[in-house]
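Coordinate inspection notes
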Amino acid sequence: MMKRNDIFEQLSSKEALEHLKEGNKRYLQSQPSGKASAEIRAGLALKGQVPFAVILGCSDSRVVPEVIFDVGIGELFVVRTAGNVADKVAIGSIEFAVEFLKARLIVVLGHEECAAVLAAIAGGDYGSNMAAVISLIKPAVDKVRTEGKVDDFSRRCEDEHIKNTAERLKESAVLSKYLAEGTLLIAGAKYGLETGKVSFF
C-alpha cells in the first residue's frame, strides 16, 4: 500500500498515481483519513506547498478532487474549468505546478453527464466567453460523430475530450521536457457521479 507519510514528501509520478487510486478507494468505502488540522495548515503556511499531483478538473460542484481522492490541504494543485478544458491560463497554471512546485503527475479529470460536453453536442450560440470553452470540446464531438456510432454518444464524447485534453497538455514545451525525461506522467480519468469511482485511462 502506497502512503504519503508527510505532506512535504516528494512522490514519483507512479507513486502519486497509486496514492490517488488508494484515496479514491477510501472515499468509496466512506473511510476518510481526516487530514485537515490546524497543525497541517500552520506547517503549509510556514514551509510552503509540495503538492504531489496536479488535477485539471471540471468546475462541476459534484466533482471535488480533494474529497474524491481523500487528500488534505496542500496535497493537490487543482485547476478547474468548465468541461475541464485546457486553455492558455489553465496550461500555464499547470506548468507552474510542474516547474516550480515539482509535481510529477497531472490528471485530466472529467466526469459523467458533463454539462459543457452536452452543450458542445447540442450546439447553439452561447456568447463569446462560453464559446471559448465549447470550442475546445467540439473537436472531440466532431470526431465521435464521424465514427457514426450513436450508442452512448455523450459518454464517448466525454472520453474523447479527456484524451484530447491530455494530448493538448503534452504539446506544452515546459511539460514535454519532463515527459521526455520520464519524470512526469499525464493521465486521463473519469468520475462516476453516482458510484463515486474514478476510472483511469
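Refer to the structure presented above.
Nothing here was measured: the structure is a model prediction, and the numbers come from that model.

Focus: the sheet that holds strand S5 (residues 198–200)
In space, the five strands of this open sheet follow the order S2-S1-S3-S4-S5, with mixed pairing throughout. Every other strand in the sheet has two partners, leaving strand S2 (76–81) and S5 as the edge strands with one partner each. Direction aside, the axes of adjacent strands within the sheet are offset by 25° on average. In terms of strand pairing, strand S1 (residues 53–58) meets S2 through six bridges, oriented parallel. Directly across from Cys 58, in S2, lies its bridge partner Thr 81. Its contacts with the sheet put helix H1 (residues 13–28) on S1, S2, strand S3 (105–111), strand S4 (185–191) and S5, and the angle it makes with S3 is roughly 35°.

Regarding the packing of helix H5 (residues 115–122) against helix H7 (residues 153–170)
Running from N to C, H5 and H7 cross one another at 110°; their axes reach a closest spacing of 10 Å. One way to sum up the angle between H5 and H7 is to call them roughly perpendicular. Of the two possible hands of crossing, H5 and H7 adopt the one that is right-handed. Residue-level inspection shows Val 117, Leu 118 and Ile 121 of H5 in contact with H7, the latter providing Phe 153, Ser 154, Cys 157, Glu 158 and His 161. Classifying every residue of the contact of H5 with H7 gives five nonpolar, two polar and one charged.

Let's talk about the nonpolar core
Membership of the largest hydrophobic core comes to 21 residues, with the highest contact counts inside it found for Val 54, Leu 56, Ile 94, Ile 106, Leu 169 and Leu 175. Where this core is concerned, the elements lending two or more residues are S1, S2, helix H4 (88–101), S3, H7 and helix H8 (173–181). Considering every element that reaches this core, the biggest residue donor is H4, with six residues. In this structure, Leu 17, Leu 105, Leu 109 and Val 198 belong to the second largest nonpolar core, which totals 18 residues.

With respect to the pattern of salt bridges
Tallied over the full model, the rule gives eleven salt bridges. Of the charged contacts in the structure, one is a salt bridge between Glu 160 and Lys 143, with a shortest N-O distance of 3.1 Å. Of this pair, Glu 160 sits in helix H7 while Lys 143 is found in helix H6 (residues 127–147), placing the two residues 17 residues apart along the sequence. Assessed through its relative accessible area of 13%, Glu 160 is described here as buried. Classification of Lys 143 as partly exposed rests on a relative accessible area of 41%. A cluster of three or more residues bridged by salt bridges with shared partners is formed by Asp 152, Arg 155, Glu 158, Asp 159 and Lys 190.

Here's the deal with the environment of His 111
You can see His 111 is positioned in strand S3. With a relative accessible area of 2%, His 111 lands in the buried category. Once the C-alpha coordinates of His 111 and Asn 84 are considered, the two residues, 27 residues apart in sequence, prove to be 9.2 Å apart.

Cut-off values and rules
Residues numbered from 1 in each chain as written. Predicted model: local features only at pLDDT ≥ 70, side-chain atom pairs only at ≥ 80, totals over all residues. Heavy atoms only, no water. Pairing = 2+ DSSP bridges. Helix = DSSP H or I, 4+ residues; strand = E, 2+ residues; numbered from the N terminus. Axes fitted to C-alpha atoms, helices over the stretch in contact; angles between N-to-C directions. Contact = heavy atoms within 4.5 Å. Parallel < 35°, antiparallel > 145°, perpendicular 65-115°, else oblique. Left-handed = near helix turned anticlockwise from the far one by under 90°. Nonpolar A, V, L, I, M, F, W, Y, C, P; charged D, E, K, R; others polar. Core = buried A, V, L, I, M, F, W, Y, C linked by side-chain atoms within 4.5 Å. Buried < 20%, exposed > 50% of the residue type's maximum accessible area, 1.4 Å probe, protein only. Salt bridge = Lys/Arg side-chain N within 4 Å of Asp/Glu carboxyl O.

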